[in-house]
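If you want the building blocks of each chain, they are given just below.
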Amino acid sequence: MTSGLAPRAWRGYFEGSRLLENELERRLKESADMDLGDFNVLLVLSEAEEGRMRMGDLARALAFAPGRLTYRVAALEKAALVSREPCPADRRGTDAVLTDAGRTRLRKARPVHARHVEELFLGDLDREALEVLDRVFGPLRARLLDGRASDPGDAHD
């Protein structure tokens, strides 16, 4: 009955999402001189209270390994788009903080990226398809984030 549907759906998702991500990456680099990883760090920080988040929380929100996030934030810090500061609530922790230059850079890249997402993906979907995506990936994201939050290997700040 669905024996061929499940593998076909998985392959379509897996390959399609990688192809989409690669094309979004190429376009963002070409038009805004930024990669998707940097864009996502700046975006999540821009949505955080006072533009700051503990490094561990930021890693979980982005689904990054803590070491990978540390490397990326160091590069953003070198470019003066992010700074690292002691956490005001717990001086042992470190916060990533969006700088004014980071806000400006994101403000320029955001509409370009949104246009690319619309052109390559969302613009071809009707309401029913969007509802299916939301119904499938909303709970999946929440479940996986909840699982990561309880994984002691991801608690690095």
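Scroll up to find the structure.
Residues numbered from 1 in each chain as written. Predicted model: local features only at pLDDT ≥ 70, side-chain atom pairs only at ≥ 80, totals over all residues. Heavy atoms only, no water.

Some points on the pattern of salt bridges
In this structure the tally under the stated criterion is 17 salt bridges. Residue Lys29 pairs with Glu25 through a salt bridge whose shortest N-O separation is 3.7 Å. Of this pair, Lys29 and Glu25 both sit in helix H1 (residues 5–32), four residues apart, which is roughly one turn of that helix. With relative accessibility at 46%, the residue Lys29 sits in the partly exposed group. Through salt bridges with shared partners, one network takes in Glu23, Arg26, Arg27, Glu30, Arg115 and Glu119. (Salt bridge = Lys/Arg side-chain N within 4 Å of Asp/Glu carboxyl O. Helix = DSSP H or I, 4+ residues; strand = E, 2+ residues; numbered from the N terminus. Buried < 20%, exposed > 50% of the residue type's maximum accessible area, 1.4 Å probe, protein only.)

Side note on the packing of aromatic side chains
Applying the stated criterion across every chain yields a total of three aromatic pairs. Here the aromatic cluster, defined as three or more aromatic residues joined through ring pairs, consists of Trp10, Tyr13, Phe14 and Phe137. Note that Arg68 overlies the ring of Phe64, its terminal NZ or CZ placed 4.0 Å from the centroid. (Phe/Tyr/Trp six-rings, centres within 6.5 Å; stacked < 30°, edge-to-face > 60°. Lys NZ or Arg CZ within 6 Å of the ring centre and 35° of its normal.)

Quick look at helix H5 (residues 100–120)
Here H5 is 21 residues long and its end C-alpha atoms lie 30 Å apart, about the 30 Å a rise of 1.5 Å per residue gives. Of all the residues in H5, the buried ones are Gly102, Leu106, Ala109, Val112, His113, His116 and Val117. Looking at the buried positions of H5, the neighbouring elements they touch are H1, helix H2 (36–47) and strand S3 (94–98). (Expected span 1.5 Å × (residues − 1). Contact = heavy atoms within 4.5 Å.)

Quick word on the sheet that holds strand S1 (residues 52–54)
For sheets, the rule is that strands pair by backbone hydrogen bonds, running either parallel or antiparallel. With respect to topology, three strands assemble into an open sheet ordered S1-S3-S2, the strand pairing being antiparallel. The open sheet has two free edges, formed respectively by S1 and strand S2 (82–86), since each of these has just one partner strand. Each strand axis lies, on average, 30 degrees off the axis of its neighbour in the sheet, ignoring direction. The sheet contact formed by S2 and S3 spans five bridges and is antiparallel. Looking at S3, one finds that Arg84 is bridged to Ala96. The sheet strands contacting helix H3 (residues 55–62) are S1, S2 and S3, and the helix crosses S1 at an angle near 95 degrees. (Pairing = 2+ DSSP bridges. Axes fitted to C-alpha atoms, helices over the stretch in contact; angles between N-to-C directions.)

This is a description of form; function is not addressed.
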